[in-house]
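# Results of the structural survey
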Amino acid sequence: MKTMTIVAKGKVIVIAAIVLALIFAAPICYAASRGDNYNHIVVQPTPQKVLIGQNLQFDEGFSAPQIVSRLVSGNVVNTYTADSNSRIYNVNWPMSGAYYVNYNTTTKNADAQLSVEAANIPLELKVGTTKVSSIAVGTQLRVDTAGINLFDEDIVDLVIKGPDGQIKYDMKNDQQFTDITVSELKKYGTNGIKTTGWKIGDYTFQVKTESAQACGLDAMSEKKDVKRGGSYYEPSPTPIPSPKKENVVPVSHLTPTATPLPTVTPTVTPVQTPIPSSTPSPAVSPTPAALIPGTEFLFAIIGIIIAVCLFRYRK
């Protein structure tokens, strides 16, 4: 029984030792950026990304001095030596070739391998999957930075300038645009930015690094412009009335029903009815007719006078 328990305990000890050995022997999954002024390089076989313009800090484990060798076709072409603080500032190396830290030309071994590339900060303004240069009021705008190769822990500013200047924090929509990590910046590319309450006008967007908190990298994206709101830039409200105006066109086709309107011309005929009953025409005709009987009477009196005179003359 004792031998069984001893064997069992021995197995437990062996398993524990194996687990600990695997833990400490496993390669370190290291975040190269800590949100400070350096890209921290560690001893590990997996290549570590270095961007042109960064500052490097070689952490513990490297033999001093730290020398970075650039190999082309297996031959050392360039070497770059860290300072007494194990740092290299403002990396400006060719992007071709392979880089190794403390490379041994005899054993062909090194403490670490580096992968050097240029910083890339793409920026597109989209609604859905469509690139836009103008948006309607209330539209959610995607700030797409797909392909950015900065570290997620780097601190950047999403510089948004509008009619009232730069928007650092959008209180209405609880959106922070300055001093944010790259991982937070990427969320504006998937979830989008709420523009509710923003003024109508012109806006510019640009991503800039906070160099002291982005491995010393001083980089920025291109500027992108977008116009927000306004009757001219609001295609969504305006087309709604336009189809209604098109609906008026069929109403013009309903003008056959509007033909009763020409029947209003009878209203013009009543205007003509007073024309036959125009009192001026009878008023003019009776006045000359009244003069005729007066003249006949006058002629009768004259005839009588002449007759009396002739009668006397005969006597």
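This is a predicted model, so every value here is computed, not measured.

Strand order in the open sheet made by the three strands is β1-β3-β6, with mixed pairing throughout. Every interior strand has two partners, whereas the edge strands, β1 (39-41) and β6 (87-88), have only one. Sheet analysis places β1 next to strand β3 (residues 56-58), joined by three bridges and oriented parallel. Bridging from a neighbouring strand, His-40 pairs with Gln-57 of β3.

Moving on, we get to the environment of Gly-216. Tracing the chain through its elements places Gly-216 in the loop between β18 (201-209) and β19 (224-228). A residue is classified by how much of its surface remains accessible, and Gly-216, at 16% relative accessible area, is buried. Separated by 180 residues in sequence, Gly-216 and Asp-36 place their C-alpha atoms 7.7 Å apart. If we ignore the near neighbours within four places in the chain, the residues touching Gly-216 are Asp-36, Asn-37, Tyr-38, Gly-53, Asn-55 and Ser-211.

Enumeration according to the criterion identifies eight aromatic pairs in this entry. Between the aromatic rings of Phe-177 and Trp-198, the centroid separation amounts to 6.4 Å while the plane-to-plane angle is 90°, which identifies the pairing as edge-to-face. Taken together, the residues span a long stretch of sequence, with Phe-177 in the loop between β16 (175-176) and β17 (180-181) and Trp-198 in the loop between α2 (182-190) and β18 at a distance of 21 residues. Assigned by exposure class, Phe-177 and Trp-198 land together as buried. The structure contains a cluster of three or more aromatic residues connected by ring pairs, namely Phe-177, Tyr-188, Trp-198 and Tyr-203.

Attention now moves to the sheet that holds strand β9 (residues 124-127). In space, the three strands of this open sheet follow the order β10-β9-β12, with antiparallel pairing throughout. Since the sheet does not close on itself, it has two edges, and those belong to β10 (130-131) and β12 (142-144), each with one partner. With three bridges joining them, β9 and β12 adopt antiparallel strand pairing. Bridging across to β12, Leu-125 finds its partner in Val-143.

Applying the stated criterion across every chain yields a total of nine salt bridges. The salt bridge involving Glu-124 is made with Lys-131; its shortest N-O contact spans 3.8 Å. In this structure Lys-131 comes out as exposed when scored by relative accessible area, which is 56%. The shortest N-O distance in the salt bridge between Lys-126 and Asp-144 comes to 2.9 Å. One end of the pair, Lys-126, is in strand β9; the other, Asp-144, is in strand β12, with 18 residues separating them in the sequence.

The next thing to look at is the pairing of strand β13 (residues 155-162). Counting buried positions along β13 yields seven of eight residues, so the element is predominantly enclosed. As paired strands, β13 and β17 are joined by two bridges and run antiparallel to one another. Counted as the bridge partner of Ile-155 is Thr-181 from β17. Where β13 and β18 come together, six bridges link them in antiparallel fashion. Paired with Asp-157 across the bridge in β18 is Lys-208.

About the cut-offs
Residues numbered from 1 in each chain as written. Predicted model: local features only at pLDDT ≥ 70, side-chain atom pairs only at ≥ 80, totals over all residues. Heavy atoms only, no water. Pairing = 2+ DSSP bridges. Helix = DSSP H or I, 4+ residues; strand = E, 2+ residues; numbered from the N terminus. Buried < 20%, exposed > 50% of the residue type's maximum accessible area, 1.4 Å probe, protein only. Contact = heavy atoms within 4.5 Å. Phe/Tyr/Trp six-rings, centres within 6.5 Å; stacked < 30°, edge-to-face > 60°. Salt bridge = Lys/Arg side-chain N within 4 Å of Asp/Glu carboxyl O.

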